[in-house]
Amino acid sequence: MTTINKIHNKVREGRFFANEMTQQDLAELVGVTRQTIMAIEKGKYSPSLEVAFKIALVFGKSLEEVFSYQPAAD
């Protein structure tokens, strides 16, 4: 059985607390597409380190407050 490492995020929560910022607004601030933000929120795409830092900075949070890593259990 294959176990998958998973990056969890609080991007949707961050947008909510940023006056219901839209995915498009966040995408423009970070320099990616709205589809990329949507995929990150759903956990279907892991952002580059640079994009992750940019997202955290938009929310005024540390990287660890927005993203967390769950290693696969053996």
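Calculation notes
- Residues numbered from 1 in each chain as written.
- Predicted model: local features only at pLDDT ≥ 70, side-chain atom pairs only at ≥ 80, totals over all residues.
- Heavy atoms only, no water.
- Axes fitted to C-alpha atoms, helices over the stretch in contact; angles between N-to-C directions.
- Helix = DSSP H or I, 4+ residues; strand = E, 2+ residues; numbered from the N terminus.
- Parallel < 35°, antiparallel > 145°, perpendicular 65-115°, else oblique.
- Contact = heavy atoms within 4.5 Å.
- Nonpolar A, V, L, I, M, F, W, Y, C, P; charged D, E, K, R; others polar.
- Buried < 20%, exposed > 50% of the residue type's maximum accessible area, 1.4 Å probe, protein only.
- Arc of directions from axis to C-beta.

A.B. asks: Before we move on, could you go through the packing of helix 2 (residues 23-30) against helix 3 (residues 34-41) and cite the residues and values that matter?
C.D. replies: At their nearest, the axes of helix 2 and helix 3 sit 8 Å apart, and the two run at 105° to each other. Taken together, the axis directions place helix 2 and helix 3 in an arrangement best described as roughly perpendicular. Here Gln23, Gln24, Leu26 and Ala27 of helix 2 lie close against helix 3, whose contacting residues are Arg34, Ile37, Met38 and Glu41. The residue inventory of the contact of helix 2 with helix 3, partitioned by class, reads 4 nonpolar, 2 polar and 2 charged.

A.B. asks: Can you tell me about helix 2, naming the residues and giving the values?
C.D. replies: Residues of helix 2 that are buried include every one of Gln23, Leu26, Ala27 and Val30, and no others. Angular distribution of buried residues about the axis of helix 2 spans 100°; they occupy a single face of the element. Pointing more than 90 degrees away from the buried face of helix 2 are the exposed residues Glu28 and Leu29. Close packing links the buried residues of helix 2 with helix 1 (11-17), helix 3 and helix 4 (49-59).

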